[in-house]
Amino acid sequence: QVQLVESGGGSVQAGDSLRLSCAASGRTFGSYAMGWFRQAPGKERGFVARVIWSDGSTYYADSVKGRFTISRDSAKNTVDLQMNSLKPEDTAVYYCAAKVRRGISSVVSEYDYWGQGTQVTVAS
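Residues numbered from 1 in each chain as written. Predicted model: local features only at pLDDT ≥ 70, side-chain atom pairs only at ≥ 80, totals over all residues. Heavy atoms only, no water.

*Asks:* Explain the sheet that holds strand E7 (residues 68-73) residue by residue, including any values.
*Replies:* On the basis of which strands lie adjacent, the open sheet formed by four strands has the order E1-E3-E8-E7 and antiparallel pairing. Strand pairing shows two members of the sheet lacking a second neighbour, strand E1 (2-7) and E7, which therefore form its edges. With strand direction ignored, the average angle separating the axes of adjacent strands in the sheet is 15°. Pairing geometry for E7 and strand E8 (residues 78-83), over six bridges, is antiparallel. Considered in E8, the bridge of Thr69 is made with Gln82. (Pairing = 2+ DSSP bridges. Helix = DSSP H or I, 4+ residues; strand = E, 2+ residues; numbered from the N terminus. Axes fitted to C-alpha atoms, helices over the stretch in contact; angles between N-to-C directions.)

*Asks:* How would you explain the packing of aromatic side chains if you had to name every residue and give the values?
*Replies:* This structure, assessed with the given rule, holds six aromatic pairs. Summarising the aromatic geometry, the rings of Phe37 and Trp114 are spaced 5.0 Å apart at their centres and angled 55° between planes, so their arrangement reads as tilted. Of this pair, Phe37 sits in strand E4 (residues 33-39) while Trp114 sits in strand E10 (residues 113-114), and the two are 77 residues apart along the sequence. What makes Phe37 buried here is its relative accessible area of 0%. An aromatic cluster is defined as three or more aromatic residues linked by ring pairs; in this entry it consists of Phe37, Phe47, Tyr59, Tyr95, Tyr111 and Trp114. Between the NZ or CZ atom of Arg45 and the centre of the ring of Tyr95, over which it lies, the distance is 3.6 Å. (Phe/Tyr/Trp six-rings, centres within 6.5 Å; stacked < 30°, edge-to-face > 60°. Buried < 20%, exposed > 50% of the residue type's maximum accessible area, 1.4 Å probe, protein only. Lys NZ or Arg CZ within 6 Å of the ring centre and 35° of its normal.)

*Asks:* Could you give me a rundown of the pairing of E4, with the residues and numbers involved?
*Replies:* Here is the key point about a regular strand: its side chains alternate between the two faces of the sheet. In terms of burial, E4 is largely enclosed, as six of its seven residues are buried. Note: E4 against strand E5 (residues 46-52), six bridges, orientation antiparallel. Each bridged residue has a counterpart across the sheet, and for Arg38 the counterpart in E5 is Gly46. Taking the residues between adjacent antiparallel strands as the criterion, E4 and E5 are bridged by six residues, where Gly42 takes a positive phi near 75°. With seven bridges connecting them, E4 and strand E9 (residues 92-99) associate as antiparallel partners. Note that in E9 the partner of Ala33 across the bridge is Lys99.

*Asks:* Tell me about the state of the cysteines, and name the residues and values.
*Replies:* As enumerated under the stated definition, the model contains one disulfide in all. One disulfide in the model links Cys22 with Cys96; its S-S distance is 2.1 Å. Across the S-S bond linking Cys22 and Cys96, the dihedral sits near -75°, which makes this disulfide left-handed. Of this pair, Cys22 sits in strand E3 (residues 18-26) while Cys96 is found in strand E9, placing the two residues 74 residues apart along the sequence. (Disulfide = S-S within 2.5 Å.)

Following this line, the structure appears as structure tokens:
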């Protein structure tokens, strides 16, 4: 089992920055990758960014590329999402997720463990 707890959400103005953090506990050594996803009201949960535990390689959704940065701290078992130049369309509940099996994926159903989510609201 892997437990994930997100923190760092809040309400900001367009152009501001926020940093989300995900603390992982449990069998984190078994996780291959960590991802951030988001879900806006009335929309499906979608991919934001992911990082591979072993080598730190990253991948981003086009909508956040150049504005968001995902990073992991293997010693602390944390995964952060630095969000800069926030836009109103970034408003959503943000979820941290862990993928146990090897294989690069941005698909929600291929992630095995999820946090409870943290709200990010960006006002125009």
